[in-house]
Each structure stands twice: as C-alpha cells, then as structure tokens.
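Tertiary structure, described
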Amino acid sequence: MTRDELEHAIRAVCDLTGETEVYVFGSQAVLGQFPNAPALLRQSAEVDVALHGLTLESAVLPRGWEARAIPVKNQNTAGHVGICVEAHDLAASKLTANRDKDRQFARVLLLHKLIRPNKLIRSINLLPIEAPRRTALIQWVDGTWIDIQS
C-alpha cells in the first residue's frame, strides 16, 4: 500500500460511514508518519481502521497513544482525518501479538532507524500488559537492537 492508497481508504471509509475521522491502527498507520516507508513495511493491502469515538478493541495500545498519533488530512482525504498510531506505539502494539510478522515489522522499523529502541521501550512500558510479558518484549528489543548493530 502507498500513502496515496491510505489517503483514499481514509476518504472512502469516512464517505461510507458519514464520519469525519477514523483511527488507523494497523501496520499501514506507519504511512501517516513515514509516507515513503520501506516496502517491507507496506506489504499489507488492508487498512485497519476504527471509527472516531469507538474503542479499538482489537488493538493493545500504549497509554496516551492518542496524544502521540499522527493526523493525515489533505485534499486526497477530502478533508477527512485519519488518525494514525505513531510508529513507536504501533511497534509496541504489534509486538504484543507475539507473531513473527509483527516482530519482523518492528525489526524493519529499527533497522531503518524509523524508531529508536529507547523510545520503543518507553512505549512498551505504557502497554496494559502483565510485567513478565513487558520484560520479555523489552528483552526482545534489546537483543534485536544488538543484533542490528553488529
């Protein structure tokens, strides 16, 4: 998916629902912050959205994510707004799913220096998860960052 396609999806969802804002919380949310994100981050052809004002029940997001979110609003969105989860919060959220594809997504963000490990750890510390799981995610970030640097 490209940034233009994301903008089209925001416009289409808003037009269909009559809403003016949607939350973008899947992997394509990265296009809000990084319109030219590496192709490895843009492989999904789907956009995960929720309507503004509704809870995002399928996503585990760090506390306060809304304040860090990236709004996408321009002529392509017809003035509608796609509120995209910020990259560190997105990576932390995806890591909670414990899937290879989500770890690879976070690794590519780190590899391309689109996110910083210390800031990712801050987002992980804001996740509403149990302490042992949080510790495991932080260890993964530390190990992955060491691997990338070597």
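For the structure itself, consult the block above.
Here we summarise the structure given alongside this text. (Residues numbered from 1 in each chain as written. Predicted model: local features only at pLDDT ≥ 70, side-chain atom pairs only at ≥ 80, totals over all residues. Heavy atoms only, no water.)

Here the focus is the pattern of salt bridges. Enumeration according to the criterion identifies 6 salt bridges in this entry. A salt bridge links R3 to E7; the nearest nitrogen and oxygen atoms lie 2.8 Å apart. Taken together, the positions of R3 and E7, both in helix α1 (residues 3-17) and 4 residues apart, correspond to about one turn of that helix. Using a relative accessible area of 17% as the deciding quantity, one classes R3 as buried. In this structure, D89 engages R68 in a salt bridge whose closest nitrogen and oxygen atoms are separated by 2.8 Å. Of this pair, D89 sits in helix α4 (residues 87-95) while R68 is found in helix α3 (residues 65-68), placing the two residues 21 residues apart along the sequence. D89 gets classed as buried once you look at its relative accessible area, which sits at 0%. (Salt bridge = Lys/Arg side-chain N within 4 Å of Asp/Glu carboxyl O. Helix = DSSP H or I, 4+ residues; strand = E, 2+ residues; numbered from the N terminus. Buried < 20%, exposed > 50% of the residue type's maximum accessible area, 1.4 Å probe, protein only.)

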